[in-house]
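This is what each chain is made of:
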Amino acid sequence: MFRKLFWVVTITVFISACQKDEMLKRNFQSPIENSGLRISTGFPETFESGTKTSYSNGTVTLSTGAWYFENALIGNSSYDRKNGAKSARIQSTGKLTMNFDMPNGVTQVTVYHAKYGSESNSNWELWQSVNAGSIWTKVGTTVTTSSTSLSATIFQVNVLSTIRFRIKKLTGGKLNIDDFTIEEAGEVATRDDNLAMGNPSGAVTDVNVPNNYLLVKPQYVLSYNNSIGEANWVCWHLSSAWKGAAPRCDCFSPDNQLPSSFFKAVTSNYTNSGFDRGHMCPSDDRDGSSTDNAATFLMSNIVPQAPINNQQTWKSLEDYCRTLMDQGNELYIISGGYGSGGTGSLGGITYTIDNGLINVPAHVWKVVLVLPIGSNDITRVTNATRVISVDMPNAQTVNSQPWGNYRVTVDQLEAITGFDFLNNVSSTVQSVIESVVDGGPAL
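All of the points below concern the structure found in this document. (Residues numbered from 1 in each chain as written. Predicted model: local features only at pLDDT ≥ 70, side-chain atom pairs only at ≥ 80, totals over all residues. Heavy atoms only, no water.)

This brings us to the overall build of the protein chain. Along its length, the protein chain carries 6 helices and 22 strands. Here the C-alpha coordinates of the protein chain stretch approximately 90 × 40 × 40 Å along the principal axes. In the protein chain, of all internal contacts separated by at least 6 residues, the share reaching a separation of at least 24 is 73%. Working note: accessible area of the protein chain is about 18,100 Å², and carbon and sulfur atoms make up 51% of it. (Helix = DSSP H or I, 4+ residues; strand = E, 2+ residues; numbered from the N terminus. Contact = heavy atoms within 4.5 Å. Areas by Shrake-Rupley, 256 points an atom, 1.4 Å probe, with all protein chains shown as cover.)

Set out below in structure tokens:
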């Protein structure tokens, strides 16, 4: 399920609350939900910065860019309805046209309008062009201006390509236009390449490399180690695009994508072992569909995890990652285990289960790279990008500390595991972000 994020160009207008409620009349084409703010340079266009005192056709440079006025001027008389000292005034069949494009697309446009002086009602329209003014199309319906107080009409646009606008007066008396406001389209959460930040062990899909065998799934990517019966690491992308309402399937199954000669764990291998079937890529990170959720229950995505680790400390970190996602971020996550010998609910140290076929890791670890929603992700990783890396003992006592107390540097994890995390990121950036312990919130 995709969650669209839009950025809003805001305005501050000196109007009482009751006037605003009365003025906000909508000219909707379709509903839209805006969930973020981005101030676009120069907007709203208030017509305060330019000067044009005649109705002759001409270009005026305003705070937002160059506009072409046809049968229109910038008025400042007592009969001009305005917020501030000036507003645009159009007569006859005049037009106001943007001579520049909004490069990131637009979700909606708000226009404040009123009758000039005691002129008769007028009719006008908003038009748009997505090809630099070569072809124009009408947006929404024709507007009738009948009030001498500025009123707002909101047009839904929902265009994600470059676009410009024109106000086209049709009939009636002179018309004042002020505070032309654009709500700019922002980035949209998408399902991105799970392996975008790099292949930590150089895994390959080759049956002759059974202990570093690359499995690529739509939901996640992993390096399988046949000698220990589990993944070396699992890597996945998390954004709101992966989220939905699919129920948890609890359908643990062998991974038949593995070669027939490989060991394939089944859920009964864990019975009475004292360890949980611990997800690497969590079920809750893949509930966009039943298929996505079921993929997380393949046993190649599972390691023997101490129950308190799995259900409390590890889960708290998983929940925090989804909190970061809900705050408008996308995450690249890698997790796995290292060493042998964990402590489960039966007590003592257990090195393997199922007669030695499945290793019980001594520690479980995770690396989380956090970016605001956007595109071209690899190019947006900078020295300031947040990276969370943790190293937790696979033991029942792990909850003696919150997950944030287990943070380490990526460099430390690389030294322990032998993996090269985030290896698609530039080496100069890696040297910075991998050498520091995350100091951000750990809620």
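Here the focus is helix α3 (residues 307-326). Given a rise of 1.5 Å per residue, 20 residues ought to cover 28 Å, and the 27 Å separating the end C-alpha atoms of α3 matches this to within 8%. Those residues of α3 not exposed but buried are Pro-307, Asn-309, Asn-310, Thr-313, Trp-314, Leu-317, Glu-318, Tyr-320, Cys-321, Arg-322, Leu-324 and Met-325. One or two residues past the end of α3 sits Gly-328, with phi positive at roughly 95 degrees. (Expected span 1.5 Å × (residues − 1). Buried < 20%, exposed > 50% of the residue type's maximum accessible area, 1.4 Å probe, protein only.)

This model, assessed by the stated rule, comprises 16 salt bridges. For Asp-319, the salt bridge identified is with Arg-322, shortest N-O distance 2.8 Å. A residue pair is termed a helical-turn pair when its members lie 3 or 4 positions apart in one helix, as Asp-319 and Arg-322 do in helix α3 at 3 residues. Taking the relative accessible area as the measure of exposure, Arg-322 reaches 10% and is therefore buried. Salt-bridge contacts for Glu-330 lead to Arg-380; the nearest nitrogen and oxygen are separated by 3.0 Å. With a gap of 50 residues between them, Glu-330 in strand β18 (residues 329-338) and Arg-380 in helix α4 (residues 377-380) connect regions that are remote in the sequence. (Salt bridge = Lys/Arg side-chain N within 4 Å of Asp/Glu carboxyl O.)

Further remarks concern helix α5 (residues 410-417). Within α5, burial applies to Val-410, Leu-413, Glu-414 and Thr-417. The buried residues of α5 occupy an angular sector of 100 degrees when projected down its axis, which confines them to one face. Where α5 is buried, its residues meet β18, β21 (363-372) and β22 (386-393). Phi for Gly-418, located one or two positions after α5, is positive at around 80 degrees. (Arc of directions from axis to C-beta.)

Time to look at the state of the cysteines. Evaluation of the coordinates by the stated rule reveals 1 disulfide. With a sulfur-sulfur separation of 2.0 Å, Cys-249 is cross-linked through a disulfide to Cys-251. Sign of the S-S torsion, about -65 degrees for the bond between Cys-249 and Cys-251, identifies this disulfide as left-handed. The exposure class assigned to Cys-251 is partly exposed, which follows from its relative accessible area of 28%. Here Cys-321 is not cross-linked by a disulfide; its sulfur's nearest cysteine counterpart is in Cys-281, at 11 Å. (Disulfide = S-S within 2.5 Å.)

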